[in-house]
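# Structural overview
Spelled out, the chains give:
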Amino acid sequence: MGILEKISEIEKEIARTQKNKATEYHLGLLKAKLAKYRAQLLEPSKSASSKGEGFDVMKSGDARVALIGFPSVGKSTFLSLMTSTASEAASYEFTTLTCIPGVIEYKGANIQLLDLPGIIEGAAQGKGRGRQVIAVARTADVVIMMLDATKGEVQRSLLEKELESVGIRLNKHKPNIYFKPKKGGGISFNSTVTLTQCSEKLVQLILPSEIFNAEVLFREDCSPDEFIDVIVGNRVYMPCLYVYNKIDQISMEEVDRLARKPNSVVISCGMKLNLDYLLEMLWEYLALTCIYTKKRGQRPDFTDAIILRKGASVEHVDTHPGDIFLGLALGQSRLRAPAPSTVRSGWA
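The chain is annotated in an unreviewed UniProt entry as OBG-type G domain-containing protein from Cebus imitator.

Detailed reading of predicted coordinates is not advised where the pLDDT is low. For the chain, per-residue confidence averages 77 on the pLDDT scale, and 77% of positions sit at 70 or higher. Under a pLDDT of 50 for its full length, residues 90-94 has, in the predicted model, 8 contacts with residues more than four places off or in other chains. For the stretch residues 326-348, pLDDT sits under 50, and the model shows 42 contacts to residues farther than four places along the chain or on other chains.

This part takes up the sheet that holds strand β10 (residues 240-245). Taken in spatial order, the 6 strands line up as β2-β3-β1-β4-β10-β11 in an open sheet, and their pairing is mixed. Of all strands in the sheet, those with a lone pairing partner are β2 (100-106) and β11 (264-266), marking the two edges. Across the sheet, the mean angle from the axis of one strand to that of its neighbour is 25°, orientation sign disregarded. As judged from the 6 bridges shared by strand β4 (residues 142-148) and β10, these two strands associate in the parallel manner. Pairing of Val 143 across the sheet is with Cys 240, part of β10. Lying over the sheet, helix α8 (residues 252-259) contacts β10 and β11, oriented at roughly 150° with respect to β11. Relative to the sheet, helix α9 (residues 275-286) contacts β1 (63-69), β2, β3 (109-115), β4, β10 and β11, its axis offset from that of β10 by approximately 165°.

Cut-offs and rules
Residues numbered from 1 in each chain as written. Predicted model: local features only at pLDDT ≥ 70, side-chain atom pairs only at ≥ 80, totals over all residues. Heavy atoms only, no water. pLDDT = per-residue confidence, 0-100. Contact = heavy atoms within 4.5 Å. Pairing = 2+ DSSP bridges. Helix = DSSP H or I, 4+ residues; strand = E, 2+ residues; numbered from the N terminus. Axes fitted to C-alpha atoms, helices over the stretch in contact; angles between N-to-C directions.

The structure is reproduced here in structure tokens:
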């Protein structure tokens, strides 16, 4: 029995198993096996395979954004509107067959935008070059999930399921669980909060059979699925912006309902509606900051900004001795100039 068949059997057993106190240990064991097989599915094949085309895109610019969606939802049209790259758009499905990069120039930053081929149900198992598409999405800083506003919530739930199955966690934070295998001492289990979803017995059942010694510390009330994510260790946590396109084809009531959903933006590429607000939201999700410098005794140069991530300090700025730093992005307070002895050029 192959890996896909094993995954299918476990998923069917989980679906037909009632969820209650008596079955939680059995379900936890099944989910741990499922995570193990899915991790094996993501591993590159050892056998020689034909070379792919267009998916090996070098990361450039200040941030990377991946466009994910089903075929014919407007991804290529959006790329053509936002960048100077012309991506082929047509009324039939699978117009885009490779990864097409473009650059959004916004507030002095260069944001790399990747137009990925439309993925279909079963992409996590490799259908429609799904694994290649999802592998590129894992390298992005933000995912834009392009959805057809006329299709309701069907597309969103299917895409979330596909990304969830390959270890991409959208709009979630990494579980605050400390896990470290040891050479001896058995399983050490502790928690700093009251646990309502996991117990020591369940944790021991979920741990792989080859792990006999480990230290486990729960710092928050996490579910068994989140604990499995920590054990597997290859999960990617990234922000996602749900973009509903083609709002010119639905009623105003439906537009209002979609716009009020969390992490959602409504647009129309055909009529160029609300694209400026989408860029503002994208900038916020990327959490970028513009830093401007000035020479002593000279006026600051507002034409060339240094782009940093949120939480960066003055030490992260690559500059020349004698520069004074001004944090002028989005209403931030001024940064104090460092002492001359601490200013060096060539810092990363």
